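Each chain, letter by letter, is given below.
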Amino acid sequence: HLIFDLDETLVHLILPWNILIDRIDNKLKEMDKSLYDQVPREGYFLSALENAYVKKYGKKAKDFFIKYRVEFETELLDTKINYELVDFVKGLKGYKFYIWSSNTQQTVKNALKKIKLEKKFEKIIADQDVALLKPEIEGFNKIYDSKIPRDKYLLIGDSQSDEEAAKNSGIDFYYVDYFK
């Protein structure tokens, strides 16, 4: 059971994340400036920011992030492909494939269509499918089948957040550095 991250793993989503942060900055500060200021501005800042707000404000915050991310990812997306990994997935038999991404469903599906892998994955778990993003394990729990031992799962990703998600889920991790 192979679980793939999307961005910077199968493809590189070329998005000016700073524009999204600029668009939502003031609204998040209005909602809770002290929370905004507490989130470290490093690594996967946007995912950490979303998780912090969702933990405190629930569905209201989640809906806010989804709205802006869908608009942003649709409007400004460009993609580079990890041809080595995509070709590997296309040729590999005997495995079940999944996507666990912090991007929106629409972005994931568009990227998979572009690389002609849209029918290869059993489940696609994206931002809209979970309350909290990686490294939280809710996404894995939506993939996991309790009849299958955890040692039969492997998360393939590019980030510390992916690695922590695998560790938190009790599964193995394989690091991809194709776009680094």
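So, a few notes on the structure that sits alongside this text.

Remarks on the side chain of D127
Right, so step 1: Within the element layout of this structure, D127 appears in the loop between β5 (121-125) and α6 (138-143).
Right, so step 2: Take D127: its relative accessible area is 0%, and that puts it in the buried class.
Right, so step 3: For D127, the side chain forms a polar contact with the side chain of K62, separated by 2.3 Å.
Right, so step 4: There is a polar contact of 3.5 Å between the side chain of D127 and the side chain of R69.
Right, so step 5: Once residues lying within four places of it in the same chain are set aside, the contact partners of D127 are E50, K62, I66, R69, S101, S102, N103, T104 and L133.

Digging into the pairing of strand β6 (residues 154-157)
Right, so step 1: As judged from the three bridges shared by strand β1 (residues 2-4) and β6, these two strands associate in the parallel manner. Each bridged residue has a counterpart across the sheet, and for I3 the counterpart in β6 is L155.
Right, so step 2: Relative to strand β7 (residues 172-175), β6 runs parallel, the two sharing four bridges. Bridged to G157 within β7 is Y175.
Right, so step 3: Crossover connection from β6 via helix α7 (residues 160-169) to parallel β7: handedness right-handed.

Overview of the environment of I99
Right, so step 1: Within the element layout of this structure, I99 appears in strand β4 (residues 97-100).
Right, so step 2: In this structure the C-alpha to C-alpha distance between I99 and Y44, which are 55 residues apart in sequence, comes to 18 Å.
Right, so step 3: Beyond its immediate chain neighbours, meaning those up to four positions away, I99 contacts F4, L10, V108, L112, F121, K123, I124, I125 and I143.

Some details on helix α4 (residues 83-91)
Right, so step 1: Turning to α4, its buried residues are L85, V86 and V89. What you see down the axis of α4 is that its buried residues fit within an arc of 100 degrees, all on one side. For α4, exposure combined with an orientation more than 90 degrees from the buried face picks out E84 and G91.
Right, so step 2: Residues of α4 that are buried make contact with β1, β3 (78-81), β4 and β6.

Examining the sheet that holds β4
Right, so step 1: An order of β5-β4-β1-β6-β7 is seen for the five strands of this open sheet, with the pairing classed as parallel. Unpaired on one side and paired on the other, β5 and β7 mark the two borders of the sheet. Mean inter-strand twist for the sheet, computed between neighbouring axes without regard to direction, equals 25 degrees.
Right, so step 2: Pairing between β4 and β5: four bridges, direction parallel.

Looking at the pattern of salt bridges
Right, so step 1: This model, assessed by the stated rule, comprises 16 salt bridges.
Right, so step 2: For the salt bridge of E50 with R69, the shortest nitrogen-to-oxygen distance reads 3.4 Å. Of the two residues, E50 is situated in helix α2 (residues 45-57) and R69 in helix α3 (residues 59-76); the sequence distance between them amounts to 19 residues. Across the pair, exposure class does not vary: E50 and R69 are buried alike.
Right, so step 3: D162 is paired through a salt bridge with K134; the nearest N and O atoms lie 2.7 Å apart. Of this pair, D162 sits in helix α7 while K134 sits in the loop between β5 and α6, and the two are 28 residues apart along the sequence.
Right, so step 4: Among the ionic contacts, a cluster of salt bridges with common partners joins E50, K62, R69, E73 and D127.

Rules and cut-offs
Residues numbered from 1 in each chain as written. Predicted model: local features only at pLDDT ≥ 70, side-chain atom pairs only at ≥ 80, totals over all residues. Heavy atoms only, no water. Helix = DSSP H or I, 4+ residues; strand = E, 2+ residues; numbered from the N terminus. Buried < 20%, exposed > 50% of the residue type's maximum accessible area, 1.4 Å probe, protein only. Polar contact = N/O pair within 3.5 Å; in protein donor to acceptor, adjacent residues only side chain to side chain. Contact = heavy atoms within 4.5 Å. Pairing = 2+ DSSP bridges. Right-handed = clockwise from strand over helix to strand, strands pointing away. Arc of directions from axis to C-beta. Axes fitted to C-alpha atoms, helices over the stretch in contact; angles between N-to-C directions. Salt bridge = Lys/Arg side-chain N within 4 Å of Asp/Glu carboxyl O.

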